[in-house]
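Coordinate analysis (summary)
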Protein chains: 2
Amino acid sequence: MRTSEFILAKRNGEAHTREELEDFIQGYLSGDIPDYQVSAWLMAVCWRGMSDQETIDLTNILACSGHMLDLHDLPHTVDKHSTGGVGDKTSLVLAPLLASSGAKVAKMSGRGLGHTGGTIDKLESIPGFSAILSESAFLRQIHEIGVVVSGQSTELAPAEGLLYALRNATATVQSLPLIASSIMSKKLAGGAGSLVLDVKVGSGAFLKTREEARRLGTTMMRIGREAGQEVRIVLSNMEEPLGYTVGNTLEVIEAMQCLKGAGPRDLTELCITLAEEVLSATGLPHERGEIEKRLTDGRAYDTFERWISAQGGKLEALETLELAPDRAVRRAPKAGFVSEVEALQIGQAVNTLGGGRSKKGDVIDLGVGIELHAKIGTEVERGDPLATIYHRSGKGLEDAIALFDRAITIAESATPPPLILESLPQIADG
Amino acid sequence: MRTSEFILAKRNGEAHTREELEDFIQGYLSGDIPDYQVSAWLMAVCWRGMSDQETIDLTNILACSGHMLDLHDLPHTVDKHSTGGVGDKTSLVLAPLLASSGAKVAKMSGRGLGHTGGTIDKLESIPGFSAILSESAFLRQIHEIGVVVSGQSTELAPAEGLLYALRNATATVQSLPLIASSIMSKKLAGGAGSLVLDVKVGSGAFLKTREEARRLGTTMMRIGREAGQEVRIVLSNMEEPLGYTVGNTLEVIEAMQCLKGAGPRDLTELCITLAEEVLSATGLPHERGEIEKRLTDGRAYDTFERWISAQGGKLEALETLELAPDRAVRRAPKAGFVSEVEALQIGQAVNTLGGGRSKKGDVIDLGVGIELHAKIGTEVERGDPLATIYHRSGKGLEDAIALFDRAITIAESATPPPLILESLPQIADG
């Protein structure tokens, strides 16, 4: 089949066979099929969609396009992924929490892009920490410490990496089958036996509706099931930022508080729910009270320190992480209840301060950020502080303040939204 | 506006401003915007369409992307375009017919691609004929002979040429606004004051329905009106081939018969209708009977000879044009009325014999082809000849026969379809 006919078939809404998809992706990797044919096809996929079978096939082809980590000799290997939110420091808490519960956490993470942050950026707020590990060092650390977080290896699912860069440049990121195959191909190549996916829903997330999130989650579950990976899906709210902090260093500090049992209610609840789900998938004990106890009795934080130390992080620096030196406090213009804290605009405000990237490779300022003093449902008097903005010599401050002020609404009444929307039921065998 | 945001806007169904379109096309021409972003945008246009204003803007931007012919000092300049059919030798007849009626015919034509033939290929069946003319030779010939047909100059509307090559490789040819802007940008750059467009409708044409053809025609009229070019639109049937011949040399022979007043009824009728439309647009006399008389009194054929001779064609060769030496006759398997002669499959059969291109640059055999002895509505006895296939040593013959046999249906009754479907009414000023 000629490539233009392959594209035409998708344009006409037809389904590709596994063999056709394989020829296409192989042709792309080998350079026989140029970028411009692939990007036209990507837009046709955004238009016409893909069947579950096509999505499963594409995911497997992408996963097999390079090296695959083999973790079969390890018990209870787990991985976690979030579809991206604002203030989402869940991985920093969940990874050591799971390791302290007996799971082996083998996680590869990305850097932040657009209005959402990335786990690797956050970890680099810790002096000495390195996310660049050889495969042997990666494997040794899972054995010895039980938790390792590295940057995405370019050897795993290289075809996915190529496709992702092309999607980013051609407005074809937003597509359920493309998102599902992108996430799951990396997770299959990463080799963990169980996986929990935190699918964010709301104005601050890629997915705006619960229905879309359910469809994406179900598709990813099916892909995992076909490939022998146990996948659990939690839908969580992303109308307002998670926790009280947005910005790399600020989020590490808040994550450490959570690991010591003193974190904000929403972040703690989400971490416990995700831990419960993925531990149950491995067959390890997963009683909520037990998981919660590891946050209060110091075991999770101990594991965090061992992990950070193993990757070169200086523990003595943890208590004195460096924030941007300048502060601006925003105050309530009137009394009432905070009814909106729009995550998207808060994320953009931190970007504006220099804390995020508009394109890959941008250098970012880890110390800037926003610390909220009120969230949805908080009652405030006129003049009460709503947030502290951490900036560097006023860089981007004016725009950040404008974005922040637009993000906040104070109304006569407001109730906090539910954080955990639902855990998707397991799909039946076969 | 970043290019990815421009693509996203179209993906979301938004309209581009003229300035945005200009930046995009300029960026493409200068090499700042890569092919892969343009092809994703093209697929988004296929998906979401373009408004009339966007289509007009794009056409003008493409038309102005290179040199534009200036024919303002000539009266009654005309051009003609067909959206592509099987057996369509109309231009060979119409160009000298119009010139013999006082119009100045300045036409640039393409080569055949896919199942449809091209005027330049047909003309090259005449020994010595050259379609490669300098601009000064092109202009001199219009002055002196009143008719000139050259290959498409790459200096006219170069951005259109780039876009077309990309569309061909990415399954984005089929899109009303892209087809309209592609045709009209070249016609505007070609500089003729009046234009007649023969929009083919039916299974053998790009456009399958009359509704689509009407929309395309109306859009092209609007584009012409905005740019000061008088455009007339005729919708004609392309269920069966036009005339009785398909194949380059065969079609030249049939066109010459028509120019001598002895052509097939359908071809003659279409040429007279197109001539009447475009002559009326120029303000020249356009009475049907007068036009028809030029075919029977020798004036049209005389102009044809002067034209061919001016472009190097040997007139003494016209009576002995060389056809492929081998013949196969297909006969009616039963008695009845021919009810289908599917143009698409007849065109493909001639391709298979070597008479057409599957990609640009393919060398073709001008002498092969199919001469029909029956068309829709013809009554046949069992064993009557349906067609003669002109082939070269059996090359492609088996497949061509299979295609031919599938193209023909004999039923208990059949009536010839109407050839001219309609002439679109003029759109009101403003």
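Residues numbered from 1 in each chain as written. Chains lettered and ligands numbered in written order. Predicted model: local features only at pLDDT ≥ 70, side-chain atom pairs only at ≥ 80, totals over all residues. Heavy atoms only, no water.

**Quick word on the overall build of chain A**
- In terms of helices and strands, chain A carries 16 helices and 13 strands.
- Relative to a compact globule of 430 residues, whose C-alpha radius of gyration would be 22 Å, chain A shows 22 Å and is just as compact.
- Principal axes of the C-alpha set define a box for chain A whose edges measure 70 × 45 × 40 Å.
- When each of the 430 residues of chain A is scored for burial, the buried share is 58%.
- Within chain A, contacts between residues at least 6 apart in sequence are counted, and of these 80% link residues at least 24 apart.
- Taking the 43 positively charged and 58 negatively charged side chains of chain A as two groups, their mean positions are separated by 2 Å. (Helix = DSSP H or I, 4+ residues; strand = E, 2+ residues; numbered from the N terminus. Rg over C-alpha atoms; globule rule 2.2 N^0.38 Å. Buried < 20%, exposed > 50% of the residue type's maximum accessible area, 1.4 Å probe, protein only. Contact = heavy atoms within 4.5 Å. Lys, Arg positive; Asp, Glu negative; His and termini not counted. Charge placed at Lys NZ, Arg CZ, Asp CG, Glu CD.)

**Some details on the pairing of strand E4 (residues 194–201) of chain B**
Residues and elements named next belong to chain B.
- Along E4, 8 of the 8 residues are buried, which leaves the element largely enclosed by surrounding structure.
- Residues Ser194, Val196, Asp198 and Lys200 line one face of E4 and the alternating positions Leu195, Leu197, Val199 and Val201 line the opposite face, and both faces are buried.
- Where E4 lies against strand E5 (residues 230–237), 8 bridges are found, and the strand directions are parallel. By the bridge assignment for E5, Val199 is matched with Leu235.
- With respect to chirality, the unit in which E4 leads through helix H10 (residues 210–227) into the neighbouring parallel E5 is right-handed. (Pairing = 2+ DSSP bridges. Right-handed = clockwise from strand over helix to strand, strands pointing away.)

**Here's the deal with the sheet that holds strand E10 (residues 379–380) of chain B**
Residue and element names in this part refer to chain B.
- Taken together, the 3 strands give an open sheet; going across it, the order is E10-E8-E12, and neighbouring strands pair in antiparallel fashion. The strands lining the two open edges of the sheet, one partner per strand, are E10 and strand E12 (408–411).
- By the bridge criterion, 4 bridges tie strand E8 (residues 336–341) to E12 in an arrangement that is antiparallel. Considered in E12, the bridge of Val341 is made with Ile408.
- Docked against the sheet, helix H16 (residues 397–407) engages E8 and E12, running at close to 35° with respect to E12. (Axes fitted to C-alpha atoms, helices over the stretch in contact; angles between N-to-C directions.)

**Re the pattern of salt bridges**
Residues and elements named next belong to chain A.
- This structure, assessed with the given rule, holds 43 salt bridges over all chains.
- The partner of Glu211 in a salt bridge is Arg214, and the shortest N-O contact between them spans 3.2 Å. Separated by 3 residues within a single helix, Glu211 and Arg214 lie in helix H10 (residues 210–227), roughly one turn from each other.
- The exposure class assigned to Glu211 is partly exposed, which follows from its relative accessible area of 45%. (Salt bridge = Lys/Arg side-chain N within 4 Å of Asp/Glu carboxyl O.)

**Overview of the nonpolar core**
- Judged by nonpolar contacts, the single largest core of 80 residues is most densely connected at Leu98, Phe304, Trp307, Ile370 and Leu386 of chain A.
- Of the residues forming this core, the biggest block, 8 residues, is contributed by helix H12 (residues 265–282) of chain A.
- The two domains that each donate at least three residues to this core are domain 2 (77–318) and domain 3 (323–411) of chain A.
- If you look at the next biggest cluster of nonpolar residues, it comprises 79 residues, including Met256, Leu284, Leu318 and Leu397 of chain B. (Core = buried A, V, L, I, M, F, W, Y, C linked by side-chain atoms within 4.5 Å. Domains from an automatic or database assignment.)

**Some remarks on the state of the cysteines**
- Applying the stated criterion to the full structure yields 0 disulfides over all chains.
- Cys46 of chain A takes part in no disulfide bond, and the closest cysteine sulfur, belonging to Cys46 of chain B, lies 14 Å away.
- Looking at Cys46 of chain A, the relative accessible area reads 13%, which means it is buried. (Disulfide = S-S within 2.5 Å.)

**Describing the interface of chain A and chain B**
- Of the residues lining the interface, 23 residues belong to chain A; the matching set on chain B comes to 23 residues.
- In total, chain A and chain B occlude about 1800 Å² of area from one another, counting both sides; carbon and sulfur atoms represent 65% of this.
- Counting the contacts that link chain A with chain B gives 0 salt bridges.
- Where chain A meets chain B, there are 9 residue pairs in polar contact (both at pLDDT 80 or more).
- Only helix H1 (3–11), helix H3 (35–48) and helix H8 (158–169) of chain A provide two or more residues apiece to the side of chain A that touches chain B.
- Considering every element that reaches the side of chain A that touches chain B, the biggest residue donor is H3 of chain A, with 9 residues.
- Its residues assigned to classes, the side of chain A that touches chain B shows 12 nonpolar, 8 polar and 3 charged. (Buried area = accessible area lost by both parts, 1.4 Å probe. Polar contact = N/O pair within 3.5 Å; in protein donor to acceptor, adjacent residues only side chain to side chain. Nonpolar A, V, L, I, M, F, W, Y, C, P; charged D, E, K, R; others polar.)

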